[in-house]
Amino acid sequence: ERPLSVLGQFTRLPQYDKDNVSVWQDNTTGELMVSCRGTKANFKDIGADIALFFGKTDLRDKNLDTVLNDVERDFPGEKYSISGHSLGSAYIWGEQDDHANNWDNVYLFNAPSSPLQSDSVVESQANDSQYQYFLNHGDVASANLTYFMNENTLENNVQFGQYQYGPISAHSIHNWYPETFALEDAKLKIKANQPPTYEGLDNLQPDSAMAQDTEETQAANLS
């Protein structure tokens, strides 16, 4: 279930929704972000993961390609950001030749790789300066990709999350946002529905000394 808005800052554009793809617009700047999710327990996703493991590097997704074409048609000449988790990252690699000229920031979370893939292809993907990687040293699915990263990439294009010992938790998207994310979003929605207040004035507390009724305040008719 995808929310229509997130953190009071981004609004989903439902006309672009696909099973694995969404488009979000910044409420302030109007900038667009395309997001492509990772694997779910269905035949299509699992089949794609198996293909990656056995060496496929040119993985394409019709849903993502369609959405990118539609965004570029509706927002001609505008650059947009794109992000993907796990399998979604591999689909983004597959769209590079056709769409990378229209991308602004590219964020890849727990991007997958396999020792059976071409070393030259993985090395090229790992060190492309257009990509910002979010990885975990405990994630076996990304280990081969990390192996091919050069010093410049590791210093400037990679954010490593807190080490996770479990392979599933190390590969999870939950590495990259707090557990309270949904709670904070809910708080913002509640606040947005409250009547406006004079910020600061309604939170003022009288000084304890000034609040006392004394002989001096009585003499000055301040009681």
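Above this text you will find the structure in question.
Residues numbered from 1 in each chain as written. Predicted model: local features only at pLDDT ≥ 70, side-chain atom pairs only at ≥ 80, totals over all residues. Heavy atoms only, no water.

Caption draft 1: Highlighting the overall build of the protein. Counting secondary structure elements, the protein contains 10 helices and 8 strands. When the 223 residues of the protein are sorted by exposure, 38% land in the buried category. Summarising the internal contacts of the protein: among those between residues at least 6 apart in sequence, 61% fall at separations of at least 24. Carbon and sulfur atoms form 53% of the exposed surface of the protein, whose accessible area is close to 13900 Å². (Helix = DSSP H or I, 4+ residues; strand = E, 2+ residues; numbered from the N terminus. Buried < 20%, exposed > 50% of the residue type's maximum accessible area, 1.4 Å probe, protein only. Contact = heavy atoms within 4.5 Å. Areas by Shrake-Rupley, 256 points an atom, 1.4 Å probe, with all protein chains shown as cover.)

Caption draft 2: Main features of the packing of aromatic side chains. What the rule picks out here adds up to 8 aromatic pairs. Geometrically, the ring pair formed by Phe53 and Phe54 is edge-to-face, given 5.1 Å between the ring centres and 90° between the ring planes. Look at Tyr163 and Tyr165: their rings are 4.9 Å apart centre to centre, the planes differ by 75°, and that puts the pair in the edge-to-face class. Classification of Tyr163 by relative accessible area gives partly exposed; the value is 46%. In this structure an aromatic cluster arises from ring pairing among Tyr107, Phe109, Phe134 and Trp176. (Phe/Tyr/Trp six-rings, centres within 6.5 Å; stacked < 30°, edge-to-face > 60°.)

Caption draft 3: Looking closely at unusual backbone geometry. With a phi close to 55°, Leu7 is a non-glycine residue in the positive phi region. Located in the positive-phi region is Ser86, a residue other than glycine, with phi close to 55°. With respect to the helices and strands, Ser86 occurs in the loop between β5 (80–85) and α3 (87–94).

Caption draft 4: Seen up close, the packing of helix α1 (residues 43–53) against α3. Where α1 contacts α3, the axes come no closer than 11 Å and their chain directions differ by 70°. In terms of axis orientation, α1 runs roughly perpendicular to α3. Classified by chirality, the crossing of α3 by α1 is left-handed. Contacts between α1 and α3 involve Lys44, Asp45, Ala48, Asp49 and Leu52 on the former and, on the latter, Leu87, Ala90 and Tyr91. By residue class, the composition of the contact of α1 with α3 is 5 nonpolar, no polar and 3 charged. (Axes fitted to C-alpha atoms, helices over the stretch in contact; angles between N-to-C directions. Parallel < 35°, antiparallel > 145°, perpendicular 65-115°, else oblique. Left-handed = near helix turned anticlockwise from the far one by under 90°. Nonpolar A, V, L, I, M, F, W, Y, C, P; charged D, E, K, R; others polar.)

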